[in-house]
Amino acid sequence: MQYALLIYTKPGTVEALSPAEREELTREYYALRDEPGVLGGAGLQPVETATTIRLADGQPLVTDGPFADTKEVFGGYYLIEAENLDRATEIATRIPALRIGGTVEIRPTLGPAS
Amino acid sequence: MLAVLVGYFGDFELAEESVAEAFAVAARRWPAEGVPPNPAAWLVTTARNRAIDRLRRDRVLAGKLRLLEITTQAVTETDVDESEIPDERLELIFTCCHPALAVEAQVALTLRSVAGLRTEEIARAFLVSGETMKRRLTRAKTKIRDAGIPFSVPSAGQLPARLTAVLAVNYLIFNQGYSMPGQAAHLANEAIRLGQVLVALLPDQAEPQGLLALMLLHAARRRARLSGPDGQDLVLLADQDRELWDWPQIAVARDILERISASRGPYMIQAAIASLHAAEPDRVDWPQIAALYAELADMTGSPVVRLNSAVAIAEADGPAAALAVVDGLDLSGYQYFHSTRGELLRRLGRLGEARAAYESALELATAEPERRFLLLRIAECE
């Protein structure tokens, strides 16, 4: 089964890391991407770089900022292949964001269109 | 049977429907052709073949079929030996209680799939509507299938944490059978059996043993708890005929308690309380029971525990003290909150308020023995 691992962090927690700590985290993120069963993934640049588009009166409306001003910030994702939810959870527990108070959402992807 | 098929396909709906079809086929064929030598094996094989056929026909599910690597040859009935069918109920119960399901869904699903309760019965036990419970069950089954919740017993490291929910479900099954003897008496035995399986699986864990002791103590009083021409009149603990209690069973429970008395867990403490209750009415150690309830209330933070402690407090310190505790609780949807208030108000001579409380309890009561008891009390308050 394919799962998306969606990574959320509390604002300021990544920024509060020392350069050495951030380097270590980055190294782990890239190492995880090379693990068997991990199909891909990407870290996202900080929320200040985000732009949002939606339709207003049928017309595209582009605005500054992320989708929602939430307490947690969406910071990156992995796409993985795993036998079941428990195996997917095992991979998710290795995501460094968890150690700085972050959360990972584990959601199965839709299968191929029938 | 259901457990084996859920294990095979990882899909509750598919398993349930193919089991139903297999029984329908049996009902048609066996009267004419005779019962096969291994009826259980026949049913499992037939159900499995039906499910395979369905998966083949449904293109959306055909991908799932490939994943399972099922051969194109349907297994014939004679291939399967009855002894090969494993008892996978433990896998089923741990799957039903997986943390990826909401706790209320875990409980409902286990009651439905392991204990076989009807959706309506489960709804009553949790004070929700049948429709709400049906939706809850459907969401849970869909989550198991779509999110890939595995059909397995947790690893040794995960087991203690996963056990808490399983024990809670086990106890709820027991209580269902205990309080509704007319409709569901067999559930109490089923729950005790499940409890014994859990004890056998986890001999180093105290709480499964605590729960088993608790259930044995409650069940030991079963014959004395009810009376009357149709066995549906409630007899209070103080009035129960001690001769009708199952003393050997009480002894077994007390042996268990002695072995685990150092491990202070919620079920072990409740069992210790039940053991103290199992004495002559004028010899019950109420202060000790009240102390155990206090320990339990601190441990769990549960308002229902504090409610239960009121009875012991009433015996140890008088009904006014107990009523003060009960009135501080927010349990207006709970039948026993009202019946307990009724008892305490009655003892304080406040009959008008007692009657109102009993009537509130009656609105929530579903078990026949309890309804009758409440009606008697209401009549006495005239």
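Residues numbered from 1 in each chain as written. Chains lettered and ligands numbered in written order. Predicted model: local features only at pLDDT ≥ 70, side-chain atom pairs only at ≥ 80, totals over all residues.

## Comments concerning the overall build of chain B
Here is step 1: Regarding its fold elements, chain B presents 20 helices and two strands.
Here is step 2: Looking at chain B as a whole, 39% of its 382 residues qualify as buried. (Helix = DSSP H or I, 4+ residues; strand = E, 2+ residues; numbered from the N terminus. Buried ≥ 20, exposed ≤ 12 C-beta atoms within 10 Å, placed from the backbone.)

## What to know about the overall build of chain A
Here is step 1: Secondary structure summary: chain A contains two helices and six strands in total.
Here is step 2: The helix and strand sequence of chain A, counted from the amino end, reads β-α-β-β-β-β-α-β.
Here is step 3: By the burial criterion, 14% of the 114 residues in chain A qualify as buried.
Here is step 4: In chain A, the share of contacts with a sequence separation of at least 24, taken over all contacts with a separation of at least 6, comes to 74%. (Contact = placed C-beta atoms within 7 Å.)

## Here's the deal with the packing of helix 9 (residues 159-179) of chain B against helix 11 (residues 206-220) of chain B
All names here are of chain B.
Here is step 1: Closest axis-to-axis distance for the helix 9/helix 11 pair is 11 Å, and the angle between their directions is 5°. Judged by the inter-axis angle, helix 9 sits roughly parallel to helix 11. Contact with helix 9, carried on its side by Leu-167, Asn-170, Tyr-171, Phe-174 and Tyr-178, involves Glu-207, Pro-208, Leu-211, Met-215 and His-218 of helix 11 and no other residues of that element.
Here is step 2: Of the residues in the contact of helix 9 with helix 11, the class split is seven nonpolar, two polar and one charged. (Axes fitted to C-alpha atoms, helices over the stretch in contact; angles between N-to-C directions. Parallel < 35°, antiparallel > 145°, perpendicular 65-115°, else oblique. Nonpolar A, V, L, I, M, F, W, Y, C, P; charged D, E, K, R; others polar.)

## A look at the environment of A:Lys10
Residue and element names in this part refer to chain A.
Here is step 1: For Lys-10, the location among the structural elements is in the loop between strand 1 (2-9) and helix 1 (19-33).
Here is step 2: For Lys-10, a count of 15 C-beta atoms within 10 Å gives the class partly exposed.
Here is step 3: Distance from Lys-10 to Val-73, taken between C-alpha atoms, is 6.1 Å for residues 63 residues apart in sequence.
Here is step 4: Beyond its immediate sequence surroundings of up to four residues, Lys-10 is in contact with Lys-71, Glu-72, Gly-101 and Gly-102.

## Points about the sheet that holds strand 1 of chain A
Residue and element names in this part refer to chain A.
Here is step 1: Pairing within the open sheet is antiparallel, and its four strands lie in the order 2-5-1-6. The outermost strands of the open sheet, each flanked by one partner alone, are strand 2 (38-43) and strand 6 (103-108). Along the sheet, successive strands turn relative to each other by an average axial angle of 20°, direction set aside.
Here is step 2: Bridging between strand 1 and strand 6 involves six bridges; their strand directions are antiparallel. Bridge pairing in strand 6 places Tyr-8 opposite Thr-103.
Here is step 3: Lying over the sheet, helix 1 contacts strand 2 and strand 5 (73-81), oriented at roughly 150° with respect to strand 2. (Pairing = 2+ DSSP bridges.)

## Some remarks on unusual backbone geometry
Here is step 1: Despite not being glycine, A:Asp57 has its phi angle at roughly 50°, a positive value.
Here is step 2: Looking at where A:Asp57 falls in the secondary structure, it is placed in the loop between strand 3 (51-56) and strand 4 (59-64).

## So, the environment of B:Val25
Residue and element names in this part refer to chain B.
Here is step 1: Considering the arrangement of structural elements, one finds Val-25 in helix 2 (residues 12-33).
Here is step 2: Given 15 C-beta atoms within 10 Å, Val-25 falls into the partly exposed group.
Here is step 3: Each C-alpha atom of the pair Val-25 and Leu-43 lies 9.1 Å from the other, and the pair is 18 residues apart in sequence.

## Thoughts on the packing of helix 16 (residues 303-317) of chain B against helix 18 (residues 335-347) of chain B
Residues and elements named next belong to chain B.
Here is step 1: Packing of helix 16 against helix 18 brings their axes to within 10 Å, and their N-to-C directions diverge by 15°. On the basis of the axis angle, helix 16 is roughly parallel to helix 18. The element helix 16 and its partner helix 18 pack so that their crossing is left-handed. Touching Leu-307, Ala-310, Val-311 and Ala-314 of helix 16 are Tyr-336, Phe-337, Thr-340 and Leu-344, all from helix 18. (Left-handed = near helix turned anticlockwise from the far one by under 90°.)

## Observations regarding helix 5 (residues 89-96) of chain B
Here is step 1: Those residues of helix 5 of chain B that fall on the buried side of the exposure criterion are B:Leu92, B:Ile93, B:Phe94, B:Thr95 and B:Cys96.
Here is step 2: On its buried face, helix 5 of chain B is in contact with helix 1 (2-9), helix 6 (103-113), helix 8 (130-147) and helix 9 of chain B.

## Describing the pairing of strand 4 of chain A
All names here are of chain A.
Here is step 1: Along strand 4, only zero of the six residues are buried, which leaves the element largely exposed.
Here is step 2: Here strand 3 runs beside strand 4; their pairing, made up of six bridges, is antiparallel. Looking at strand 4, one finds that Ala-56 is bridged to Gln-59.
Here is step 3: Hairpin remark: strand 3 followed by strand 4, antiparallel, with two residues in the connecting loop; positive phi at Asp-57, about 50°.

## Regarding helix 2 of chain B
All names here are of chain B.
Here is step 1: Taking 1.5 Å per residue as the helical rise, helix 2 with its 22 residues ought to reach 32 Å, and the 30 Å between its terminal C-alpha atoms agrees with that figure.
Here is step 2: The sharpest bend along helix 2 measures roughly 30° and falls at Ala-27, with the proline Pro-31 sitting one to four residues further on.
Here is step 3: Residues of helix 2 that are buried include every one of Phe-12, Leu-14, Ala-15, Ser-18, Val-19 and Ala-22, and no others.
Here is step 4: Gly-34 sits one or two residues past helix 2 and shows a positive phi near 90°. (Expected span 1.5 Å × (residues − 1). Bend = angle between axes of the 7 residues up to and from the residue.)

## Structural notes on the environment of B:Leu159
Residues and elements named next belong to chain B.
Here is step 1: Secondary-structure assignment places Leu-159 in helix 9.
Here is step 2: With 43 residues separating them in the primary sequence, Leu-159 and Leu-202 have C-alpha atoms 9.1 Å apart.
Here is step 3: In this view, Leu-159 contacts Pro-154 and Leu-202; residues no more than four positions away in its chain are not counted.

## With respect to the confidence of the model for chain B
Detailed conclusions should not be drawn from predicted coordinates in areas where pLDDT is low.
Residue and element names in this part refer to chain B.
Here is step 1: In this model, chain B carries an average pLDDT of 84, and 89% of its residues clear a pLDDT of 70 or more.
Here is step 2: A low-confidence stretch, residues 67-75 (pLDDT under 50), is modelled with eight contacts involving residues beyond four sequence positions or located in other chains.
Here is step 3: Taken together, the chains of this predicted complex give a pTM of 0.62 and an interface ipTM of 0.82. (pLDDT = per-residue confidence, 0-100.)

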